[in-house]
Amino acid sequence: MTGPEIKGWCPGALRPMQSGDGLVVRIRPFNGRLRRAQADGIATLAAAHGNGMIDLSSRGNLQIRGVTEKSYPPLIEGLRRMALLDPDEAVESRRNILLTPFWQTGGETETLGPALTAAVSAEDAPVTPGKFGYAVDTGREPVLQNASADIRLERDAGGGLILIADGSDKGKAVTVETAADEAIALAHWFMENRGDHTRMAGLLAEGAKLPADHFVPRQQQSHRPAPGYTPLGAMIGLAFGQLTVETLASLAKQGGLRMTPWRMLLVEGAREFPGVEGVITDPNDPLLRIVACTGAPRCAQGLVETRPLARQLAPHLKDGQFLHVSGCAKGCAHPRPASLTVTATTEGLDLIRDGRASDAPEQTGLTPQEIPETL
Ligand code: SF4
């Protein structure tokens with residue numbers, strides 16, 4: 001049996017990825033936000049040029065699925081007309097920026113996002129590894145500490161801006177004016193010191209010493225994302241981060257959309273939950289505690305239809321359990337340990353406790369019907 005194929009880069013819109021259901025075209029909304037017209041336009045384009053399914057990725061990007069070689073050019077042209085594309089592949093790949101969805105109009109985050117975007121898009125910006133990214137997490141308290149990023153902007157306990165190398169519990173004091181340049185300087189530091197490392201935390205874990213001015217203590221995140229009302233609008237969940245073009249078009253009628261890495265969207269200005277099919281509004285819905293990759297047949301390497309299996313298992317999940325259903329040992333949807341992981345193999349389903357999809361299983365060769373008794 002051959003292992004899963006590992007790709008060392010992230011797909012984009014300008015660099016789509018072939019999958020079991022065609023090309024995946026990943027849109028990186030600028031500053032983590034889509035205007036209503038953009039969200040509606042993406043729904044229209046995805047209906048015309050994809051298979052009607054859209055993913056919200058764990059980095060807050062939208063993926064149009066089921067695109068063909070023939071439908072790709074008009075799709076890209078449509079995205080370009082809506083100002084949703086970078087000038088070229090290289091800039092698209094570097095512009096890997098997560099923004100707190102809770103930014104306020106007129107606040108500093110609204111300035112920092114575009115400033116960092118401009119800085120990583122500059123011709124002389126460091127060409128970082130494919131999955132390397134940035135988080136602008138500059139609300140009063142951090143909310144993105146569990147999301148993937150290598151260079152972070154946060155606030156210290158006194159409200160001052162700090163720049164953090166992921167993996168460190170201290171940061172460097174910066175200002176709104178210097179933050180973007182300092183982030184780029186830190187990216188240069190990483191590139192000069194990284195050796196074989198592709199991620200900041202790995203480099204620091206090996207003992208690399210940050211510059212001496214990284215001494216300001218970070219705040220610990222207490223925020224737990226959940227569907228509900230916020231002063232900015234309604235946060236809604238999406239099972240497996242998936243939505244249909246109809247759902248996206250309906251949400252676009254409610255307001256602008258802010259992306260999150262939590263399989264949730266913040267619908268700006270919505271004062272009641274949108275009565276839209278396919279959205280999770282109950283913060284206790286067990287589907288919020290399940291991640292499932294694309295799986296078969298949409299992923300060529302998938303050995304099981306992961307999402308129907310996940311829906312089947314959802315009612316059996318106990319309080320506090322977190323389930324990862326993986327179509328193969330690659331574990332794309334959740335590269336970290338989960339309290340429970342079900343991994344499809346050619347010999348059936350493996351059950352892994354407190355581990356990753358590729359870790360040693362507690363039980364092997366299970367059928368979907370046998371799984372609930374093991375949870
Ligand atoms: S983990 Fe899922 S999405 Fe990733 S390669 Fe395996 S089947 Fe495909």
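Residues numbered from 1 in each chain as written. Predicted model: local features only at pLDDT ≥ 70, side-chain atom pairs only at ≥ 80, totals over all residues. Heavy atoms only, no water.

Chemist: For this particular structure, what's the right way to read the packing of aromatic side chains?
Modeler: Geometry of an aromatic ring pair is reported as the spacing of the ring centres plus the angle between the planes. All told, the structure shown has 3 aromatic pairs when counted by the stated rule. Both rings, one in Phe 132 and one in Tyr 134, keep their centres 5.9 Å apart while their planes meet at 80°; by these two values the pair is edge-to-face. Residue Phe 132 is classed as buried on the basis of its relative accessible area of 0%. With a relative accessible area of 3%, Tyr 134 lands in the buried category. One aromatic cluster is present, built from ring pairs that chain together Phe 132, Tyr 134 and Phe 190. (Phe/Tyr/Trp six-rings, centres within 6.5 Å; stacked < 30°, edge-to-face > 60°. Buried < 20%, exposed > 50% of the residue type's maximum accessible area, 1.4 Å probe, protein only.)

Chemist: Looking at this structure, how should I read the domain arrangement of the chain?
Modeler: By a widely used convention, the size of an interface equals the accessible area lost when the partners come together. If you check the domain split of the chain, you get domain 1 (17-86 + 226-280), domain 2 (91-217) and domain 3 (286-374). With centres defined by C-alpha atoms, the gap from domain 1 to domain 3 works out at 25 Å. Listed per partner, the contact involves 15 residues of domain 1 and 13 residues of domain 3. Approximately 1,100 Å² of surface area, both sides summed, lies buried where domain 1 meets domain 3, with 57% of it carried by carbon and sulfur atoms. Counting across the domain 1 and domain 3 interface gives 2 residue pairs in polar contact (both at pLDDT 80 or more). Looking at the side of domain 1 that touches domain 3 residue by residue, the class counts come to 6 nonpolar, 5 polar and 4 charged. (Domains from an automatic or database assignment. Contact = heavy atoms within 4.5 Å. Buried area = accessible area lost by both parts, 1.4 Å probe. Polar contact = N/O pair within 3.5 Å; in protein donor to acceptor, adjacent residues only side chain to side chain. Nonpolar A, V, L, I, M, F, W, Y, C, P; charged D, E, K, R; others polar.)

Chemist: I keep staring at helix α1 (residues 36-49) and nothing clicks. Help me out?
Modeler: Because an α-helix completes one turn every 3.6 residues, residues spaced three or four positions apart along the sequence face the same direction. With 14 residues, α1 extends 20 Å from end C-alpha to end C-alpha; this agrees with the ideal 20 Å at 1.5 Å per step. Buried within α1 are the following residues: Gln 38, Ala 39, Gly 41, Ile 42, Ala 43, Leu 45, Ala 46 and His 49. (Helix = DSSP H or I, 4+ residues; strand = E, 2+ residues; numbered from the N terminus. Expected span 1.5 Å × (residues − 1).)

Chemist: I'm lost on the site of the ligand in this one. Help?
Modeler: Surveying the vicinity of the ligand reveals the residues Cys 293, Cys 299, Gln 301, Gly 302, Ser 326, Gly 327, Cys 328, Lys 330, Gly 331 and Cys 332. Grouping the amino acids of the shell around the ligand by side-chain chemistry returns 4 nonpolar, 5 polar and 1 charged. (Near = heavy atom within 4 Å.)

Chemist: How should unusual backbone geometry be read in this particular structure?
Modeler: With the exception of glycine, the majority of residues adopt a negative phi angle, and the majority of peptide bonds are in the trans configuration. Of note, the amide linkage connecting Ala 296 to Pro 297 takes the cis form, showing an omega dihedral of -5°. Of note, Pro 297 is situated in the loop between β18 (290-292) and α8 (306-313). Unlike most non-glycine residues, Ala 83 shows phi in positive territory, near 60°. Phi is positive for Phe 240, which is not a glycine, with a value near 60°. Counting through the fold element by element, Phe 240 comes out in the loop between β13 (233-238) and β14 (242-244). The exposure class assigned to Phe 240 is buried, which follows from its relative accessible area of 5%.

Chemist: Explain the packing of α1 against helix α7 (residues 245-254) here, please?
Modeler: The relative placement of two packed helices is expressed as an angle between their axes plus a distance between the axes. For the pair α1 and α7, the least separation of the axes is 8 Å and the interaxial angle reads 165°. Viewed along their axes, α1 and α7 adopt a mutual orientation that is roughly antiparallel. Where α1 crosses over α7, the two elements pack in a sense that is left-handed. Facing α1, whose interface residues are Arg 36, Ala 39, Asp 40, Ile 42, Ala 43, Ala 46 and Ala 47, α7 presents Val 245, Leu 248, Ala 249, Ala 252, Lys 253 and Gln 254. Looking at the contact of α1 with α7, its residues break down into 9 nonpolar, 1 polar and 3 charged. (Axes fitted to C-alpha atoms, helices over the stretch in contact; angles between N-to-C directions. Parallel < 35°, antiparallel > 145°, perpendicular 65-115°, else oblique. Left-handed = near helix turned anticlockwise from the far one by under 90°.)

Chemist: Is there a simple way to think about the sheet that holds strand β10 (residues 170-173) in this case?
Modeler: Two pairing modes exist for strands in a sheet, parallel and antiparallel, and in both the strands are linked by backbone hydrogen bonds. Judged by pairing direction, the sheet is mixed, and its 6 strands sit side by side in the order β6-β7-β8-β9-β10-β11 without closing on themselves. Each edge of the open sheet is held by one strand with a lone partner, namely β6 (97-99) and β11 (216-217). Pairing geometry for strand β8 (residues 151-155) and strand β9 (residues 161-165), over 5 bridges, is antiparallel. Within β9, the position partnered with Leu 153 by the bridge is Leu 163. (Pairing = 2+ DSSP bridges.)

Chemist: Whenever I open this one, the sheet that holds strand β5 (residues 62-67) confuses me. Can you help?
Modeler: Strand order across the open sheet formed by 5 strands is β1-β2-β5-β4-β14, with antiparallel pairing between neighbours. Whereas interior strands pair on both sides, the edge strands pair on one side only; in this sheet they are β1 (17-19) and β14. Direction aside, the axes of adjacent strands within the sheet are offset by 30° on average. Bridge count between β1 and strand β2 (residues 22-27): 3 bridges; the pairing is antiparallel. Directly across from Met 17, in β2, lies its bridge partner Val 24.

Chemist: Whenever I open this one, the pairing of β10 confuses me. Can you help?
Modeler: Taken residue by residue, a regular strand's side chains alternate between the two faces of the sheet. As paired strands, β9 and β10 are joined by 2 bridges and run antiparallel to one another. Looking at the pairing, Ile 162 lines up with Ala 173 of β10. Where β10 meets β11, 2 bridges bridge the pair, whose relative direction is antiparallel. Note on β11: the bridge partner recorded for Lys 170 is Pro 217.

Chemist: Hey, could you run me through the pattern of salt bridges in this one?
Modeler: A pair can form between side chains of opposite charge whenever their charged atoms are brought close. One pass over the full model with this rule turns up 14 salt bridges. Taking the shortest distance from any N to any O, the salt bridge between Arg 218 and Glu 154 comes out at 2.7 Å. Taken together, the residues span a long stretch of sequence, with Arg 218 in the loop between β11 and β12 (228-230) and Glu 154 in strand β8 at a distance of 64 residues. For Glu 154, a relative accessible area of 0% gives the class buried. When the shortest N-O distance is used, the salt bridge between Glu 182 and Lys 172 registers 3.0 Å. Within this pair, whereas Glu 182 is found in helix α5 (residues 179-193), its partner Lys 172 is found in strand β10, the two being separated by 10 residues in sequence. Each of Asp 21, Asp 55 and Arg 65 takes part in salt bridges that share partners, so that together they form one network. (Salt bridge = Lys/Arg side-chain N within 4 Å of Asp/Glu carboxyl O.)

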